[in-house]
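For reference, the chains in residue letters:
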Amino acid sequence: MAYQTFRQEYLQVPPVTRAYTTACVLTTAAVQLELITPFQLYFNPELIFKHFQVWRLITNYLFFGPVGFNFLFNMIFLYRYCRMLEEGSFRGRTADFVFMFLFGGLLMTLFGLFVNLVFLGQAFTIMLVYVWSRRNPYVRMNFFGLLIFQAPFLPWVLMGFSLLLGNSIIVDLLGIAVGHIYFFLEDVFPNQPGGGKLLRTPSVLKAIFDTPEDDPNYNLLPEERPGGFAWGEELVRCKEVGMESKDTPAAGIKPSVNLEPDGGVVLCPCLRMAARVMCCRPRSARPLTPSLCAVAAERRCPAAGRSDAAAR
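Residues numbered from 1 in each chain as written. Predicted model: local features only at pLDDT ≥ 70, side-chain atom pairs only at ≥ 80, totals over all residues. Heavy atoms only, no water.

Asker: What's the story with the overall build of the protein chain in this structure? I'm lost.
Answerer: Counting secondary structure elements, the protein chain contains 12 helices and six strands. Looking at the 312 residues of the protein chain, the share that counts as buried comes to 40%. Across the protein chain, the fraction of contacts at a sequence separation of at least 24, relative to all contacts at a separation of at least 6, is 55%. (Helix = DSSP H or I, 4+ residues; strand = E, 2+ residues; numbered from the N terminus. Buried < 20%, exposed > 50% of the residue type's maximum accessible area, 1.4 Å probe, protein only. Contact = heavy atoms within 4.5 Å.)

The structure is reproduced here in C-alpha cells:
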C-alpha cells in the first residue's frame, strides 16, 4: 500500500523535475555507496576536451555533496522551484523548459571555464530560483520565519545565507547571472521597442517533448468510436428532421452523427436538446430496444415523427 502511494505521488511529479531530481538523488546515493567517486564526476575542462570524458559536462550538475544538511537544503529548493516553474509558467511547454535547461547549462559551463568551480549543480538551482522569483514578483516569502520579503529578493537572501554558512558566494552569483540573462532574453527584451525573441526552442525538442495538437479534421476509424455510434460524422441539418429554429445548434457546431429515421437511439444533435433521445438511428448503431423506443416516443423527439410505428 505504501509503495503504491509513493509510486502514485512520484508519477504525479512533472517529467523534467522528476528526471532531474531522481538523477541527483541516484548520483549522490552511488557516491555514498562508493560505487563511484566524486573524482569521476567533477567539472574538469582538460579531462573533457583532451581525454574526451564528456560525461563530466552532465555529472557535475548531478552531485551536491555527501548526504547532510547542505544536500537536503539544495534538494528541497531544487525540487520545489523546478516543479513550480514546470507547473507554472512552463505548463504545457515541456520543450521550452528543456531548452531553458540546455541554455542555462551551456552558459554556466562556459562561465565555469573561468571560475574555479568543480560542481555546478548548486548554481543551476539558484538559476531556477531566480527565474521563478522574477516571474512571480508579488509572492511574499517567509524565510525560516525570520524574514518576510517579496519573491525577487529570494536569490539574494539565499546568497546571504550561504555567506553566513561560510560558503563561497561565487556559486550564487553565477546562478543569478545566468538566470538573469535567460530572463532578460526571454521575458524582457522581446517586449522592448525594437526588441525581439532571440531564444527559440528547436523544433526537434518540440517534436520530442510536446504533445502534438489534435487534428480537427481527423475522423475516427470505426473501431475507435465508443459504443458503436458513428461519432464524428456530419449530421443532416436540423431543419431536415423537422426541428424548430430555436433548437438549431450554435454557429460553428456540427452535429455528431448521420441520422436515419429507422428506429435507432442517439443523443439529439442540437446543443439545447443534448439530453433528449431521438428515434433516429446512425448507420452503424445497434438495434433499438422497445423500452428505449417508448422513452423516445414519450419525449416527442421532433425527428421521431416517422418512427412512431417502431416506437410502438
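Anyway, onward from the coordinates.
Asker: How should the pattern of salt bridges be read in this particular structure?
Answerer: Where charged atoms from two side chains of opposite charge approach closely, those side chains can pair. Enumeration according to the criterion identifies four salt bridges in this entry. Notably, a salt bridge pairs E87 with R83, separated by 3.0 Å at the nearest N-O pair. Of the two residues, E87 and R83 are both situated in helix α5 (residues 69-87); the distance of four residues between them amounts to about one turn of the helix. Using a relative accessible area of 34% as the deciding quantity, one classes E87 as partly exposed. Of the residues examined, R83 reaches a relative accessible area of 21% and is grouped as partly exposed. Residue D96 is joined to R93 by a salt bridge in which the shortest nitrogen-to-oxygen separation is 2.8 Å. With a relative accessible area of 26%, R93 lands in the partly exposed category. (Salt bridge = Lys/Arg side-chain N within 4 Å of Asp/Glu carboxyl O.)

Asker: Just checking my understanding: could you explain the environment of W55 for this structure?
Answerer: If you trace the backbone, W55 turns up in the loop between α3 (45-50) and α4 (56-59). For W55, a relative accessible area of 42% translates into the label partly exposed. A C-alpha to C-alpha distance of 9.6 Å links W55 and Y42, two positions 13 residues apart in sequence. A distance of 2.9 Å separates a polar atom in the side chain of W55 from the backbone oxygen of Q40. (Polar contact = N/O pair within 3.5 Å; in protein donor to acceptor, adjacent residues only side chain to side chain.)

Asker: What am I meant to see in the packing of helix α7 (residues 121-135) against helix α9 (residues 170-188) here?
Answerer: The description of two helices packed together rests on the angle between their axes and the distance between the axes. At a closest axis distance of 7 Å, the pairing of α7 and α9 adopts a crossing angle of 40 degrees. Relative to α9, the element α7 is oriented oblique. In terms of crossing hand, the pair formed by α7 and α9 is right-handed. Note on element contacts: α9 touches α7 through V171, D172, L174, G175, I176, V178, G179, H180, Y182, F183, E186 and D187, opposite Q122, A123, I126, M127, Y130, V131, R134 and R135. In the contact of α7 with α9, the residues fall into 11 nonpolar, four polar and five charged. (Axes fitted to C-alpha atoms, helices over the stretch in contact; angles between N-to-C directions. Parallel < 35°, antiparallel > 145°, perpendicular 65-115°, else oblique. Left-handed = near helix turned anticlockwise from the far one by under 90°. Nonpolar A, V, L, I, M, F, W, Y, C, P; charged D, E, K, R; others polar.)

Asker: Could you clarify how one ought to interpret the nonpolar core in this entry?
Answerer: Burial of nonpolar side chains together is a common tendency in soluble globular proteins. Ranked by internal contacts, the top residues of the largest apolar core, which has 52 residues, are Y20, M100, F101, M108 and L128. Among the elements of the structure, α2 (15-32), α5, α6 (94-112), α7, β1 (140-143), α8 (154-164) and α9 are those that each provide at least two residues to this core. Beyond its immediate stretch of four places on either side in the chain, Y20 contacts Y61, L62, F64, L78, F101, G121 and F124. (Core = buried A, V, L, I, M, F, W, Y, C linked by side-chain atoms within 4.5 Å.)

Asker: I'm lost on α2 in this one. Help?
Answerer: Relative to the 26 Å expected for 18 residues at 1.5 Å per residue, α2 spans 26 Å between its end C-alpha atoms, a close match to the ideal helical length. Inspection of α2 places V16, T17, Y20, T21, C24, T27, T28, A30 and V31 among the buried residues, and these make up the whole buried set. Considering only its buried residues, α2 is in contact with α5, α6 and α7. Residue E34 follows α2 closely and has a positive phi angle near 60 degrees. (Expected span 1.5 Å × (residues − 1).)

Asker: Sorry if this is basic, but what is going on with unusual backbone geometry here?
Answerer: With glycine set apart, most residues show a phi of negative sign, and most peptide bonds adopt trans. Located in the positive-phi region is E34, a residue other than glycine, with phi close to 60 degrees. In this fold, E34 is placed in the loop between α2 and α3. Using a relative accessible area of 70% as the deciding quantity, one classes E34 as exposed. Although it is not a glycine, F52 sits at a positive phi angle of roughly 55 degrees. Checked against the element boundaries, F52 lands in the loop between α3 and α4. For F52, a relative accessible area of 63% corresponds to the exposed category.

Asker: Teacher, can you tell me more about α7 here?
Answerer: It helps to recall that an α-helix has 3.6 residues per turn; residues three or four apart then point in one direction. Here α7 is 15 residues long and its end C-alpha atoms lie 22 Å apart, about the 21 Å a rise of 1.5 Å per residue gives. Across the 15 residues that make up α7, a large majority, 13, are buried.

Asker: Is there a simple way to explain a nonpolar patch on the surface in this structure?
Answerer: On the surface, a cluster of nonpolar side chains totalling about 1100 Å² of accessible area is made up of F49, L106, L110, F111, L113, F114, V115, F153, W156, I170 and L173. Broken down by element, the residue count for the nonpolar patch peaks at three residues, all from α6. As for its placement among the helices and strands, F49 is situated in helix α3. (Patch = residues over 30% accessible without salt bridge, like charges linked within 9 Å, V, L, I, M, F, W, Y side chains within 5 Å. Areas by Shrake-Rupley, 256 points an atom, 1.4 Å probe, with all protein chains shown as cover.)

Asker: What's the story with the packing of α5 against α6 in this structure? I'm lost.
Answerer: Between α5 and α6, whose axes approach to 10 Å, the crossing angle comes to 135 degrees. By the angle between their axes, α5 is oblique relative to α6. Remark: the crossing between α5 and α6 carries right-handed chirality. Counted together, C82, L85 and E86 of α5 and F97, M100 and F101 of α6 form the full contact between these two elements. Of the residues contributing to the contact of α5 with α6, the split by class is five nonpolar, no polar and one charged.

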